[in-house]
Amino acid sequence: MNPLQRMIKALSDVFVDIMPGILAAALLTGLSGVLGNFEVVKSNDTLYGINRLINISSGAIFGFLPLAVAYSACKRFGGRPILGIVIGCIMLSNSLADAYAAAQGTAEVTTLRIFGLGVELVGFQGGIIVALLMGFVTAKLDLFFEKKVPEVIRLLVSPLLTTLVGALLLFTVIGPAGRGLSSGITNALVWMTQNLGVFGYAVFSGLQQLVVITGLHHIFGAIEAQLLADTGRNFINPLMSVAIIAQGGAVLAYLVLHRKNVKVRELCIPSFISVLFGITEPALFGINLRYRFPIIGGCIGGAFGGVVVYLTNLAALGFGTTVVPGIALADPAGNGYRNYVIAHAAAIAGGFLMTLVLGKFMDKSPKEAASETAQAAGSPSEAAAQPGSRTGTAQTADSPSGAAQAENQNGTAAEVPQEEVFYSYAQGRMIPMEDVKDETFANKVLGDGVAIIPETGNVYAPADGSVISIFDTKHAVCLASSCGTELLIHIGVDTVNLQGKYFQAHVKDGEQVKKGQLLISFDKERIQKEGYDTVIPMIFTDLEDGRRLEVSAPGNIHIGQQAAVVHKVSGRSGK
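Here the structure is a predicted model, which means the values were calculated and not measured.

1. Some remarks on a nonpolar patch on the surface
A surface patch of nonpolar side chains, about 610 Å² in accessible area, is lined by Trp191, Leu196, Val198, Phe199, Tyr310 and Leu311. Looking at the nonpolar patch, the elements with two or more residues in it are helix H9 (197–214) and helix H14 (293–312). If you trace the backbone, Val198 turns up in helix H9. On the accessibility criterion, Val198 (34% relative accessible area) is partly exposed.

2. Observations regarding helix H12 (residues 262–276)
The α-helix advances 3.6 residues per turn, and as a result positions three or four apart in sequence lie on the same side. Under the 1.5 Å per step criterion, the end-to-end length of H12 is 22 Å for 15 residues, consistent within 8% with the ideal 21 Å. At the C-terminal side of H12, Gly278 shows a positive phi close to 90°.

3. Let's talk about the environment of Ile295
Following the sequence through the fold, Ile295 ends up in helix H14. For the pair Ile295 and Gln247, spaced 48 residues apart in sequence, the C-alpha separation works out to 6.9 Å. Residues within four places of Ile295 in sequence aside, it is in contact with Leu210, Gln247, Leu284, Asn288 and Leu289.

4. Focus: the packing of helix H13 (residues 281–291) against H14
The geometry of H13 relative to H14 is characterised by a closest axis approach of 4 Å and an angle of 100° between their N-to-C directions. Classified by the angle their axes make, H13 and H14 are roughly perpendicular. Residues Leu284, Asn288, Leu289 and Tyr291 of H13 touch H14, and the partners they reach there are Phe293, Pro294 and Ile295. Of the residues assigned to the contact of H13 with H14, the class counts are 6 nonpolar, 1 polar and no charged.

5. Some details on the confidence of the model for the protein
When the pLDDT values of the protein are averaged, the result is 78; 77% of them are 70 or greater. Residue range residues 557–561 is modelled with pLDDT below 50. Its contacts to residues more than four positions away, or to other chains, number 18 contacts. A low-confidence stretch, residues 567–575 (pLDDT under 50), is modelled with 20 contacts involving residues beyond four sequence positions or located in other chains.

6. Re the sheet that holds strand E15 (residues 518–522)
Sheet strands pair by backbone hydrogen bonding; their relative direction is either parallel or antiparallel. Strands sit in the order E9-E15-E13 across an open sheet of 3 strands; the sheet is antiparallel. Lying at the two open borders of the sheet, with one neighbouring strand each, are strand E9 (458–460) and strand E13 (503–505). Between one strand axis and the next, the sheet turns through 15° on average, direction left out of account.

7. Brief notes about the packing of helix H11 (residues 236–257) against H12
It is the contact of H11 with H12, at a shortest axis distance of 9 Å, that shows an interaxial angle of 160°. Taken together, H11 and H12 sit at an angle that is classed as roughly antiparallel. Between H11 and H12 lies a crossing whose hand is left-handed. Of the residues in H12, those touching H11 at Ile244, Ile245, Gly248, Val251, Leu252, Tyr254 and Leu255 are Val264, Arg265, Cys268, Ile269, Phe272, Val275 and Leu276. Here the contact of H11 with H12 is composed, by residue class, of 12 nonpolar, 1 polar and 1 charged.

What counts and what doesn't
- What you see as residue numbers is a count from 1 along each chain, following the sequence as written.
- Only residues with pLDDT of 70 or above have their local features reported here, since the model is predicted, and side-chain atom pairs are shown and tallied only from 80 upward, although totals for entire chains, interfaces and linings are computed over all residues.
- Hydrogens and water molecules were not included; the side-chain quantities draw on all heavy atoms of the structure.
- The patch calculation keeps residues exceeding 30% relative accessible area without a salt bridge and links them within 9 Å when they carry like charges or within 5 Å when they are nonpolar (Val, Leu, Ile, Met, Phe, Trp, Tyr).
- Areas reported as accessible are Shrake-Rupley estimates using a 1.4 Å probe. Residue values count occlusion only from the protein chains shown.
- We define a salt bridge as a contact between a side-chain nitrogen of Lys or Arg and a carboxyl oxygen of Asp or Glu at a distance within 4 Å.
- Secondary structure is summarised from DSSP: a helix means a run of H or I of at least four residues, a strand means a run of E of at least two, and numbering begins at the N terminus for each.
- Classification of residues uses two cut-offs on accessible area relative to the type maximum, computed with a 1.4 Å probe and protein chains only: under 20% is buried, over 50% is exposed, and between them is partly exposed.
- In this scheme, a helix's expected span is set at 1.5 Å multiplied by one less than its residue total.
- By the convention used here, residues are in contact when the closest approach between their heavy atoms is within 4.5 Å.
- The axes used here are C-alpha line fits, helices contributing only the stretch in contact, and every angle between their N-to-C directions lies in the interval 0 to 180 degrees.
- Angular relationships are summarised with four words: roughly parallel below 35 degrees, roughly antiparallel beyond 145, roughly perpendicular across 65 to 115, and oblique for the angles in between.
- When residue character is reported, Ala, Val, Leu, Ile, Met, Phe, Trp, Tyr, Cys and Pro are called nonpolar, Asp, Glu, Lys and Arg charged, and the others, Gly included, polar.
- Confidence of the predictor in every single residue is expressed as pLDDT, which spans 0 to 100.
- Two strands make a pair as long as DSSP finds a minimum of two bridges between them.
- Note on convention: near helix rotated counterclockwise from far helix by under a right angle means a left-handed crossing. Clockwise means right-handed.

Take a look at the structure:
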């Protein structure tokens, strides 16, 4: 990937761990907004109190989102997560002026002089990009000082230096640069709406959700308040609203394109529901940015909605609520409610259709999808076997001939037998995937499978097939069996941070391999000495509905023993 793609990929990876919290907060925000419109809730003390608690609960994660991002980013890039939390706490410290209040001029800001630079003591509320950068910098500082500081004083000095240098960089370089970039984007978008007519409206609603990524979208509140004070009408609110619903249309399109994928359904449906209440972070970071082409389709759909907003002179009489609840704020003059619905229909339809079109050309190939799946992996599961012992079989839908058809890596039809067997890929001891000391693998986010605690430093092909991708860091390999079943073998937990040290690949991308062929060798003892777990999971990354994985009892297994079977489930969904 090019640098921009790598940056976007890293951003979406960081949000994987904290996505459940964002989804919960988003849905609670929508629930609180809906309940707040009912008179019975306003007039009843108990219902009012419950809704108030819901509102407090919903706002918590967004108030501390930079802290969560700094933690997750530090973890993602190989640092100790607790140091990411420390940097996040510094960003949101009560000793700093609130960023939103400072932007509105209602908070007193203290300025320090450090190395001749004026350093403003302003917090980084909403500073997602700054938090991401600081998580990355903190991780690299932690790794650097852990290597350079003598072991006898490392525990005391290394975290001290990481935090001190990180804080200095936050206030002198990274914070001001990130804040300036985000503010420049925001101001440019507002200028376009005021000076470029329908084109300005289209560009604003088309690009507004990119500002959400920076966290600086909250500054629009001050602009909207000023618009209402000056003119009594707020044209920015409906523009933001159509931009939001267009991203929801992109989510629906991605769901249609991958409707057979259970994990996609589990993420897309709640993300779209949160969009209906004006919260797009789950959709943006969980789907649209992660897979790239949906964010483009959503932005184009937002532009369509912006054109309708301009042509119908649609505006709001308040701010703070969008999409479904936001219709209550629409200016009823000139059929405002009807125009509100039309603008949102145009935006969601545009986002949906453009994402479908782009998906035909830009959706990931099997190789790219498997590669990204492997890159998202951070730790291993334990499974074991001797090279050549069975670790899995796959059974597919019945066909008239007793076998199904699949497309192999050469694009030709390959017969899938009723039972596809996968043999052990390393010598060692097998344990359940749930026992892996990493949430990504233990919760089977990437798929079901088996894992091995290795006795030697060799990884073998579990079946005949081809290599989809060997990672540059050589710690993971994606394979496709001769029948098209895709799987990922990942060596160690967080071993991507070793940058290929202690690993040697014996195959290359696209190479045809035979069962038992050596794929990767690694120095198990040196990797363990560096502090990394060397457990090796093998994950079936793309099992279709109707196929079920059965894993044999964990423990030491011998050549010829069955470890896992993927069965076709007849007459019911294969969960």
